[in-house]
Amino acid sequence: MKEIYWVLGESAAGKETFIKKLASGNLIELEEKLNIKNKKIVASRESLRLIGVRLSNQRERLLEEIPRLLEDNDAVFIKWQSIDTKTNLINRLNEILPSAKQIIIKLDVSKKELIKRLPSKPLWRKYGKAGEEEKLVDHDNLKVKQTIKLLENYKLIIIGSNPEFNYKILKKMNDY
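Residues numbered from 1 in each chain as written. Predicted model: local features only at pLDDT ≥ 70, side-chain atom pairs only at ≥ 80, totals over all residues. Heavy atoms only, no water.

Engineer: It is not clear to me how the overall build of the protein should be interpreted in this structure. Could you clarify?
Structural biologist: The secondary structure content of the protein amounts to nine helices and six strands. With respect to the principal axes defined by its C-alpha atoms, the protein has extents near 45 × 35 × 30 Å. A burial count over the protein gives 44% of its 176 residues as buried. For the protein, long-range pairs separated by at least 24 residues make up 68% of all intrachain contacts whose partners lie at least 6 apart in sequence. A total accessible area of about 9800 Å² is found for the protein, and carbon and sulfur atoms account for 50% of it. The protein carries 35 positive and 25 negative side-chain charges, and their two centres are separated by 3 Å. (Helix = DSSP H or I, 4+ residues; strand = E, 2+ residues; numbered from the N terminus. Buried < 20%, exposed > 50% of the residue type's maximum accessible area, 1.4 Å probe, protein only. Contact = heavy atoms within 4.5 Å. Areas by Shrake-Rupley, 256 points an atom, 1.4 Å probe, with all protein chains shown as cover. Lys, Arg positive; Asp, Glu negative; His and termini not counted. Charge placed at Lys NZ, Arg CZ, Asp CG, Glu CD.)

Quick look at the structure:
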């Protein structure tokens, strides 16, 4: 069965880093725990590229890219953006690929760590204001929680992440 993994998390949670490390084979132990060790996995390049306010309206391209990627791969990892929830992209992809198993991965990073990482993000340097980091982290956290609630019928895996990139599965829910 083909698998689609949506990687959710707040800004600066490390979604892109996680996906790139996994797709490059650098997280062998985690691959084993996710049961993808012997599967051919790939990162959705469009999901990594089409981020930020100016490009988010082009994320519809994922609906074309993901089926193409699954022709030659067993699993695709997608970097989630809040616009994906607003446009119902996850459920729409499910309609296009009903036989593919969609799995939600939520990266769990401490609020303190997110606040520390945020100023290093290019979009924050361009649009953010010093002293408002906590406000954005709280806002992002709410969006992630709302998305998870909307996707309660999907399998959810919560993975702890820390500055050393030691990923650990904390919880699995809605296993099927």
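Additional details are given in the paragraphs that follow.
Engineer: What am I meant to see in the packing of aromatic side chains here?
Structural biologist: Working definition: an aromatic ring pair is given by the centre-to-centre distance plus the angle between the planes. With the rule as written, the count across this model stands at two aromatic pairs. Ring geometry for Tyr-5 against Phe-77: centres 4.4 Å apart, planes inclined by 5°, an arrangement best described as stacked. Separated by 72 residues along the polypeptide, Tyr-5 in strand S1 (residues 3–8) and Phe-77 in strand S3 (residues 75–79) bring together distant segments of the chain. Both residues of the pair, Tyr-5 and Phe-77, count as buried. Residues Phe-18 and Tyr-167 carry aromatic rings whose centres are separated by 4.9 Å and whose planes lie at 75° to one another, so their mutual orientation is edge-to-face. With Phe-18 in helix H1 (residues 15–23) and Tyr-167 in the loop between strand S5 (155–160) and strand S6 (168–173), the pair connects residues that are 149 residues apart, well separated along the chain. (Phe/Tyr/Trp six-rings, centres within 6.5 Å; stacked < 30°, edge-to-face > 60°.)

Engineer: Is there a simple way to explain the packing of helix H4 (residues 62–72) against helix H6 (residues 89–96) in this structure?
Structural biologist: In a packed pair of helices, the relevant descriptors are the angle between the two axes and the axis-to-axis distance. Two elements in contact, H4 and H6, have axes whose closest approach is 10 Å; the angle formed by their N-to-C orientations is 45°. Judged on the interaxial angle alone, H6 and H4 are oblique. Once H4 is placed against H6, the crossing between them reads as right-handed. Residues Leu-62, Leu-63, Ile-66 and Pro-67 of H4 pack against Leu-89, Arg-92, Leu-93 and Ile-96 of H6. Along the lines of polarity and charge, the residues of the contact of H4 with H6 split into seven nonpolar, no polar and one charged. (Axes fitted to C-alpha atoms, helices over the stretch in contact; angles between N-to-C directions. Parallel < 35°, antiparallel > 145°, perpendicular 65-115°, else oblique. Left-handed = near helix turned anticlockwise from the far one by under 90°. Nonpolar A, V, L, I, M, F, W, Y, C, P; charged D, E, K, R; others polar.)

Engineer: Help me understand the sheet that holds S1 in this model?
Structural biologist: Backbone hydrogen bonds are what pair the strands of a sheet, in a parallel or an antiparallel way. Sheet architecture is open: six strands sit in the order S2-S3-S1-S4-S5-S6, paired in mixed fashion. In the strand order of this sheet, the two ends are held by strand S2 (41–43) and S6, each with one partner. The mean angle between the axes of side-by-side strands here comes to 25°, regardless of whether they run parallel or antiparallel. In terms of strand pairing, S2 meets S3 through three bridges, oriented parallel. Bridge assignment links Ile-41 to a residue of S3, and that residue is Ala-75. Along the sheet, H1 makes contact with S1, S2, S3, strand S4 (101–108) and S5, crossing S3 at roughly 160°. (Pairing = 2+ DSSP bridges.)

Engineer: Hey, could you run me through the pattern of salt bridges in this one?
Structural biologist: A complete count under the given rule lists 14 salt bridges for this structure. Close ionic contact of Glu-16 with Lys-20 constitutes a salt bridge, the shortest N to O distance being 2.8 Å. One end of the pair is Glu-16 and the other is Lys-20, both in helix H1 and four residues apart, which spans about a single turn. Note that Arg-49 and Glu-46 form a salt bridge whose closest N and O atoms lie 3.2 Å from each other. Residue Arg-49 and its partner Glu-46 are both found in helix H3 (residues 45–49); the two are separated by three residues, about one turn of the helix. Take Glu-46: its relative accessible area is 18%, and that puts it in the buried class. (Salt bridge = Lys/Arg side-chain N within 4 Å of Asp/Glu carboxyl O.)

Engineer: Can you help me understand the side chain of Glu-10 in this one?
Structural biologist: In this structure, Glu-10 sits in the loop between S1 and H1. Residue class for Glu-10 comes out buried when judged on its relative accessible area of 2%. Apart from residues no more than four positions distant in its own chain, Glu-10 is found in contact with Lys-15, Lys-106, Leu-107, Leu-114, Val-137, Asp-140, Asn-141 and Val-144.

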